[in-house]
Amino acid sequence: MIHDYVGHPFQAQLSRWLARQGHDVLHCHCADFETPHGALAPRPDDPSGLVFRALGLGRPLPKYSPVRRWLHERRYADQVVACLAAFAPDAVISANTPPAIQSALLRRTHQGGARFVSWLQDIISLAADKALRERLPVIGGLAAAVVRRQEFQTLAASDAVVAITADFVPLCIAGGVRPERIQVIPNWAPLDEMPSMPSNNCWRSRHGLDGKTVVLYSGTLGLKHNPGLLAALARACRMRSDVVVVVVTQGLGRRWLEVAKAEQRLDNLLLLDFQPYEELPLMLAAADVLVAILEPYAGVLSVPSKVLTYLCAGRPILGAMPPENLAARTIVEAGAGMVVASTDEDAFAAAALALLNDPARCQIMGRAARDWAEHHFDIDAIGPGFLDVVCHHR
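None of the values given here were measured: they were computed from a predicted structure. (Residues numbered from 1 in each chain as written. Predicted model: local features only at pLDDT ≥ 70, side-chain atom pairs only at ≥ 80, totals over all residues. Heavy atoms only, no water.)

Engineer: Even after reading the chapter, I still don't get the sheet that holds strand E2 (residues 25–30), so can you show me in this structure?
Structural biologist: One key point about sheets: their strands pair by backbone hydrogen bonds, in either a parallel or an antiparallel sense. The strand order E3-E2-E1-E4-E5-E6-E7 describes an open sheet built from 7 strands, whose pairing is parallel. With one partner strand each, in any of the chains shown, strand E3 (50–55) and strand E7 (182–184) form the two edges of the open sheet. Strand-to-strand twist in this sheet, taken as the mean axis angle between neighbours without regard to direction, amounts to 20°. In terms of strand pairing, strand E6 (residues 160–163) meets E7 through 3 bridges, oriented parallel. (Pairing = 2+ DSSP bridges. Helix = DSSP H or I, 4+ residues; strand = E, 2+ residues; numbered from the N terminus. Axes fitted to C-alpha atoms, helices over the stretch in contact; angles between N-to-C directions.)

Have a look at this one:
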């Protein structure tokens, strides 16, 4: 059983790969989580042993209401544990999952005698600490401590932990995870689902972007991201009438940008809802520069996977994020773009304009991005690492 709470593309690709190796695979995700989802519907060429199941309460997850979110997660935990019990897997790999749900999954997995692997994508409790202290001034610190204890107790009790970056390893060991149970496997993006596409395409035309220079941000825009950077970028680009800043997102950050667009008269800021997954290659190809942002406090605890999808698109990437973050290091190592501090709006805007004013440099960076993805994102090389963790790693 593969459980990916948020429904990202590469987890679904792993499930398909495992099923092609002859395993029966149940892939579950939370349909209530407001974020771009991967290819989570059955395909005609899928192996017969693969089943996708969307779970949830039929309404958006109340991300920023601690009490309502807690209630939502309790009800979701009942659903996913019931699926686990009915499927009776030999092993469970669970990713992007809130600690309360992850803890419930681990308990039921071990009750059934199966092996549990925590696929560590984020240190969730570190982000929760900031949010809970802001929203629950009196008891927020205590609630955050409970979340942190639950997260690390679950990691320590897991049969194995797959960490997406070596940066997580010291935190895991400090939290009680035995070092020999930790395996580092970096994230990737599904290359076969992200072909390189021409810039002038039907998606660009459909959204009135023909003849425009496009700076594009796509993905979640929540507490780990500063939407003010995108507003600042739109303000800086007003000096060039051909430039449009396109932001594809929903939720809290989208609502903030809608207000900023109206108040600051940012006519060059185009706000769109999440696009269908099958249109993602066309959308990213329509961009001249792709943007990723991450707040300083999230520098070690989160690695934005959108950067990996951007690499597949073969377009230059502008990152506003801590330089020590793995995504920032990847952009620099690949020669795929530029990285500036997320605290410096002026530097961010200046870097964007520097890229827009140097198409030849952008072309070189775009080629380097795609080359890096083709070299690192081979699922036939990545998949065996997960089988080793499930079957052999101790």
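Picking up after the structure, the text goes on.
Engineer: How should helix H15 (residues 379–391) be read in this particular structure?
Structural biologist: Given 3.6 residues per helical turn, the α-helix brings residues three or four places apart onto the same face. Here H15 is 13 residues long and its end C-alpha atoms lie 18 Å apart, about the 18 Å a rise of 1.5 Å per residue gives. Among the structural elements, helix H1 (9–20), strand E4 (91–95), strand E5 (115–120), E6, E7 and helix H14 (359–376) are those in contact with the buried residues of H15. The opening residue of H15 is Asp 378, an N-cap whose side-chain oxygen sits 3.0 Å from the backbone nitrogen of Asp 380. (Expected span 1.5 Å × (residues − 1). Contact = heavy atoms within 4.5 Å. Polar contact = N/O pair within 3.5 Å; in protein donor to acceptor, adjacent residues only side chain to side chain.)

Engineer: Whenever I open this one, the packing of aromatic side chains confuses me. Can you help?
Structural biologist: Both the distance between ring centres and the angle between the ring planes are used here to describe each pair of aromatic rings. Counted by the stated rule, this structure contains 8 aromatic pairs. Within the aromatic cluster, the residues linked to one another by ring pairs are Phe 10, Trp 119, Trp 188 and Phe 386. (Phe/Tyr/Trp six-rings, centres within 6.5 Å; stacked < 30°, edge-to-face > 60°.)

Engineer: What am I meant to see in the sheet that holds strand E12 (residues 317–320) here?
Structural biologist: Ordered by their spatial adjacency, 6 strands build an open sheet running E10-E9-E8-E11-E12-E13, and the pairing between neighbours is parallel. Both edges of this open sheet fall to strand E10 (269–272) and strand E13 (337–340), since each of them pairs with a single strand only. Strand-to-strand twist across the sheet, computed as the mean angle between neighbouring axes with direction ignored, equals 20°. Where strand E8 (residues 213–218) lies against strand E9 (residues 243–248), 6 bridges are found, and the strand directions are parallel. Within E9, the residue paired with Ser 218 across the bridge is Val 248.

Engineer: Teacher, can you tell me more about empty space enclosed by the protein here?
Structural biologist: Where empty space is left becomes clear once a probe the size of a water molecule has been rolled over the atoms. Under the defined criterion, the tally for this structure stands at 2 cavities of 30 Å³ or more. Forming the walls of the largest cavity are 15 residues, and the residues nearest its centre are Thr 97, Gln 102, Leu 120, Ile 124 and Glu 151. When contributions to the lining of the largest cavity are tallied by element, the ones reaching two or more residues are E4, helix H3 (99–111), E5 and helix H5 (140–157). If you add up the space inside the second largest cavity, you get close to 40 Å³. As for the second largest cavity, its lining consists of Met 194, Pro 195, Ser 196, Met 197, Pro 281, Leu 284, Cys 312 and Ala 313. (1 Å grid on protein atoms, 1.4 Å probe; cavity = no way out; pocket = protein on both sides within 12 Å on 5 of 7 lines; lining within 4 Å. Points joined across faces, edges and corners; volume = space filled by probe spheres on them.)

Engineer: I tried to follow the packing of helix H8 (residues 228–236) against helix H13 (residues 345–356) on my own but got confused; where do I start?
Structural biologist: To describe two helices that pack against each other, one gives the angle between their axes and the distance between the axes. Running from amino to carboxyl end, H8 crosses H13 at an angle of 50°, the nearest separation of the two axes being 9 Å. Our classification of the angle between H8 and H13 gives oblique. At the point where H8 passes H13, the crossing takes the right-handed sense. Taken together, the residues of H13 that come into contact with H8 (itself represented by Gly 228, Leu 229, Ala 232, Leu 233, Arg 235 and Ala 236) are Glu 345, Phe 348, Ala 349, Ala 352 and Leu 353. (Parallel < 35°, antiparallel > 145°, perpendicular 65-115°, else oblique. Left-handed = near helix turned anticlockwise from the far one by under 90°.)

Engineer: Explain the nonpolar core to me, please; I cannot follow it from the model alone.
Structural biologist: Grouped together as the largest cluster of nonpolar side chains are 110 residues, with contacts concentrated most on Trp 119 and Phe 377. The greatest single-element share of this core, amounting to 7 residues, is contributed by H13. When residues no more than four places from it in sequence are discounted, the contact partners of Phe 377 are Asn 187, Trp 188, Ala 189, Leu 191, Leu 308, Leu 311, Cys 312, Trp 372 and Ile 382. Formed by 21 residues, the second largest nonpolar core is a distinct cluster that contains Tyr 5, Leu 61, Leu 84 and Leu 106. (Core = buried A, V, L, I, M, F, W, Y, C linked by side-chain atoms within 4.5 Å. Buried < 20%, exposed > 50% of the residue type's maximum accessible area, 1.4 Å probe, protein only.)

Engineer: Sorry, what's going on with a nonpolar patch on the surface here?
Structural biologist: A cluster of nonpolar side chains, contributed by Val 67, Trp 70 and Leu 71, occupies part of the molecular surface with about 310 Å² of accessible area. By the element assignment, Trp 70 lies in helix H2 (residues 66–87). Looking at Trp 70, the relative accessible area reads 46%, which means it is partly exposed. (Patch = residues over 30% accessible without salt bridge, like charges linked within 9 Å, V, L, I, M, F, W, Y side chains within 5 Å. Areas by Shrake-Rupley, 256 points an atom, 1.4 Å probe, with all protein chains shown as cover. Salt bridge = Lys/Arg side-chain N within 4 Å of Asp/Glu carboxyl O.)

Engineer: What am I meant to see in the environment of Arg 68 here?
Structural biologist: As for its placement among the helices and strands, Arg 68 is situated in helix H2. Along the backbone, Arg 68 and Ala 160 are 92 residues apart, and their C-alpha atoms lie at a distance of 31 Å.

Engineer: I tried to follow helix H9 (residues 252–264) on my own but got confused; where do I start?
Structural biologist: Taking 1.5 Å per residue as the helical rise, H9 with its 13 residues ought to reach 18 Å, and the 18 Å between its terminal C-alpha atoms agrees with that figure. Within H9, burial applies to Gly 253, Arg 254, Leu 257 and Ala 260. For H9, the angular spread of buried residues about the axis comes to 120°, placing them on one side. Summarising the geometry of H9, the exposed residues directed more than 90 degrees from the buried face are Ala 262 and Glu 263. At its buried positions, H9 is contacted by H8, E9 and E10. Directly after H9, the chain includes Arg 265, whose backbone phi takes a positive value near 55°. (Arc of directions from axis to C-beta.)

Nothing here speaks to function; it is all geometry.
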